[in-house]
Amino acid sequence: EAEVAQSPRYKITEKSQAVAFWCDPISGHATLYWYRQILGQGPELLVQFQDESVVDDSQLPKDRFSAERLKGVDSTLKIQPAELGDSAMYLCASSLDRWADEQYFGPGTRLTVT
Amino acid sequence: AQSVTQLGSHVSVSEGALVLLRCNYSSSVPPYLFWYVQYPNQGLQLLLKYTTGATLVKGINGFEAEFKKSETSFHLTKPSAHMSDAAEYFCAVPENSGGSNYKLTFGKGTLLTVNP
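Here the structure is a predicted model, which is why all the values come from computation and not from measurement. (Residues numbered from 1 in each chain as written. Chains lettered and ligands numbered in written order. Predicted model: local features only at pLDDT ≥ 70, side-chain atom pairs only at ≥ 80, totals over all residues. Heavy atoms only, no water.)

Student: Teacher, can you tell me more about the packing of aromatic side chains here?
Tutor: Here a ring pair, both rings aromatic, is described through the centre-centre distance and the interplanar angle of the planes. Evaluation of the coordinates by the stated rule reveals 13 aromatic pairs over all chains. Ring geometry for Y35(A) against F105(A): centres 5.5 Å apart, planes inclined by 35 degrees, an arrangement best described as tilted. Placement of the pair is Y35(A) in strand 4 (residues 31-37) and F105(A) in strand 10 (residues 104-105), with a sequence separation of 70 residues. Pair check on accessibility: Y35(A) and F105(A) agree, each one buried. Summarising the aromatic geometry, the rings of Y35(A) and F106(B) are spaced 5.7 Å apart at their centres and angled 85 degrees between planes, so their arrangement reads as edge-to-face. (Phe/Tyr/Trp six-rings, centres within 6.5 Å; stacked < 30°, edge-to-face > 60°. Helix = DSSP H or I, 4+ residues; strand = E, 2+ residues; numbered from the N terminus. Buried < 20%, exposed > 50% of the residue type's maximum accessible area, 1.4 Å probe, protein only.)

In structure tokens, the structure reads:
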């Protein structure tokens, strides 16, 4: 069964350092999402791609976060510099076309900033 | 703006008992509603999806949800809880994020504990 792959699964970094997360969506899925999930909360959308284009990054803290999906396949989310408040689970999801389709989630990357 | 309220951050039931997890949405009738489940240290998995026209939606693992427009609710139920149902459950509602694009707004989640 096809799955969304994410790496690393766990990341510990010191504040002010740079960190990057990678996501490989299910083959053929045009839409890719990055979510941040703080402990005890629901996921919050950071950025949504349709193929290689960003369609929503309104909640992405652009002074320190960046995301790209250059060839419309896999994607990278970067934080530079990391802050203590960035500690959270970062989830990647993909769907066949747009938001109304089922979103398939990866296992997530748990980030701890010390 | 659309918002989702899940009443009860933690629900505890005995094995074999009825499971009821509550979800209310705030705005006009959305075209879709979703319930997702998250097991520890995993991503979310779709349980069921409501589309306009159906009031009772059946999902995986014996779960179902009833859409009640008059109550702006979409509560999740399962007649008999199993130990393997212990997880966190999220209700999600689409919210317009500009033009024809929508994003899912998730509730804060309800942690279900099943006692033997």
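Student: Please clarify how the confidence of the model for chain B should be interpreted in this entry.
Tutor: A low pLDDT score tells you not to read the predicted coordinates there in detail. Overall, the prediction assigns chain B a mean pLDDT of 91, with 97% of residues at 70 or greater. Across chain B, the element-wise mean pLDDT spans from 85 in strand 11 (residues 101-106) of chain B up to 98 in strand 3 (residues 19-21) of chain B. (pLDDT = per-residue confidence, 0-100.)

Student: Help me out: how do you make sense of the sheet that holds strand 8 (residues 75-79) of chain A in this one?
Tutor: Hydrogen bonds between backbone groups are what pair the strands of a sheet, and the pairing can be parallel or antiparallel. All names here are of chain A. Spatial ordering of the open sheet is given by 1-3-8-7, a layout of four strands whose pairing is antiparallel. At either end of the open sheet lies a strand with only one pairing partner, and these are strand 1 (5-7) and strand 7 (65-68). Within the sheet, the average angular offset between the axes of one strand and its neighbour, ignoring direction, is 15 degrees. Bridging between strand 7 and strand 8 involves four bridges; their strand directions are antiparallel. Bridge pairing in strand 8 places S66 opposite K78. (Pairing = 2+ DSSP bridges. Axes fitted to C-alpha atoms, helices over the stretch in contact; angles between N-to-C directions.)

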